[in-house]
Amino acid sequence: MREIKFRTWDKILKTMNYDPYVSCSSDAYEINDAFMENKLQECIWLQFTGLKDCKGKEIYERDIIDFGGLKPLKIVWREAGFEVLLIPY
């Protein structure tokens with residue numbers, strides 16, 4: 001069974017956050033409804049797929065991967081699982 005965890009892309013600061021429950025450019029320090037609503041607007045939430053690449057780095061939703069020299073592939077969530085899509089040039 002895979003570990004359920006997320007990372008976030010902060011649209012304001014243009015940074016990746018691997019501990020999304022702590023901060024995304026918000027000044028709030030408590031988790032409450034207003035804080036979570038703010039985080040949903042300023043961050044893109046990306047879920048861990050449960051897979052790792054050949055170097056042991058975790059693969060998340062929306063990651064772009066190179067699979068043996070083929071065209072680049074993008075990880076996306078579909079229906080009830082993750083799918084790999086070919087990125088058109």
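In this numbering scheme, every chain counts its residues from 1 along its sequence in written order. With the structure being a predicted model, the display of local features is reserved for residues of pLDDT at least 70 and the display and counting of side-chain atom pairs for 80 or more, all residues being used for whole-chain, interface and lining totals. For the side-chain quantities, the full set of heavy atoms in the structure was used; hydrogens and water were omitted.

**Observations regarding the overall build of the protein**
Broken down by element type, the protein carries 1 helix and 7 strands. By definition, any uninterrupted DSSP run of H or I lasting at least four residues is a helix, any uninterrupted run of E lasting at least two residues is a strand, and each is numbered from the N terminus. The linear arrangement of helices and strands in the protein, starting from the amino end, is β-β-α-β-β-β-β-β. Only protein chains enter the accessibility calculation, which uses a 1.4 Å probe; a residue is then buried when its area is under 20% of its type maximum, exposed when over 50%, and partly exposed in between. Residues classed as buried in the protein amount to 25% of the 89 residues present. Whether two residues touch is decided by their heavy atoms; if any such pair falls within 4.5 Å, the residues are in contact. Within the protein, contacts between residues separated by at least 24 positions form 31% of all contacts whose residues are at least 6 apart in sequence. To measure how exposed things are, a 1.4 Å probe is used in the Shrake-Rupley method; for residues, cover is taken only from the protein chains shown. Carbon and sulfur atoms make up 57% of the accessible area of the protein, which totals about 6,700 Å².

**Details of a nonpolar patch on the surface**
The patch calculation keeps residues exceeding 30% relative accessible area without a salt bridge and links them within 9 Å when they carry like charges or within 5 Å when they are nonpolar (Val, Leu, Ile, Met, Phe, Trp, Tyr). Here, a salt bridge means any side-chain nitrogen of Lys or Arg that lies within 4 Å of a carboxyl oxygen of Asp or Glu. A cluster of nonpolar side chains, Trp9, Met16 and Tyr18, forms an exposed patch at the surface whose accessible area comes to about 290 Å². Within the element layout of this structure, methionine 16 appears in strand S2 (residues 15–17). Since its relative accessible area comes to 31%, methionine 16 is described here as partly exposed.

**As for the sheet that holds strand S3 (residues 43–52)**
Any two strands are treated as partners once DSSP identifies two or more bridges connecting them. Across the sheet, 4 strands lie side by side as S2-S1-S3-S4; this open sheet has antiparallel pairing. What marks the edges here is a single partner per strand, and that holds for S2 and strand S4 (58–60). Taken pair by pair, the neighbouring strands of this sheet meet at an average axis angle of 35°, ignoring direction. The sheet contact formed by S3 and S4 spans 2 bridges and is antiparallel. When the sheet's bridge partners are listed, lysine 52 is paired in S4 with glutamate 58. Helix axes use the C-alpha atoms of the stretch in contact, all axes being lines fitted to C-alpha atoms, and the angles between their N-to-C directions lie in the range 0 to 180 degrees.

**Quick look at the environment of aspartate 63**
Tracing the backbone shows aspartate 63 in the loop between S4 and strand S5 (64–65). Residues aspartate 63 and isoleucine 75 lie 12 residues apart in sequence; the distance between their C-alpha atoms is 5.5 Å. Among all residues touching aspartate 63, those that are not within four sequence positions of it are Arg7, Glu58, Leu73, Lys74 and Ile75. Two N or O atoms form a polar contact when they lie within 3.5 Å of each other; inside protein one atom must be a possible hydrogen donor and the other a possible acceptor, and for residues adjacent in sequence the pair counts only when both atoms belong to side chains. Within the local environment of aspartate 63, its side chain forms a polar contact with the side chain of arginine 7, the two groups lying 2.2 Å apart.

**Structural notes on the side chain of aspartate 63**
Under the relative-accessibility criterion, aspartate 63 is labelled buried at 16%. Only 2.8 Å separates the side chain of aspartate 63 from the backbone nitrogen of tyrosine 60, close enough to count as a polar contact.

**Here we look at the pattern of salt bridges**
Enumeration over the complete set of coordinates arrives at 3 salt bridges. Here lysine 5 makes a salt bridge to glutamate 58, at a shortest N to O gap of 2.5 Å. Of the two residues, lysine 5 is situated in the segment before strand S1 (6–10) and glutamate 58 in strand S4; the sequence distance between them amounts to 53 residues. Here glutamate 83 makes a salt bridge to arginine 78, at a shortest N to O gap of 3.7 Å. Relative accessible area serves as the criterion here: at 33%, glutamate 83 is assigned to the partly exposed category. For arginine 78, a relative accessible area of 40% translates into the label partly exposed.

From the geometry alone we can't say anything about function, so treat these as descriptive.
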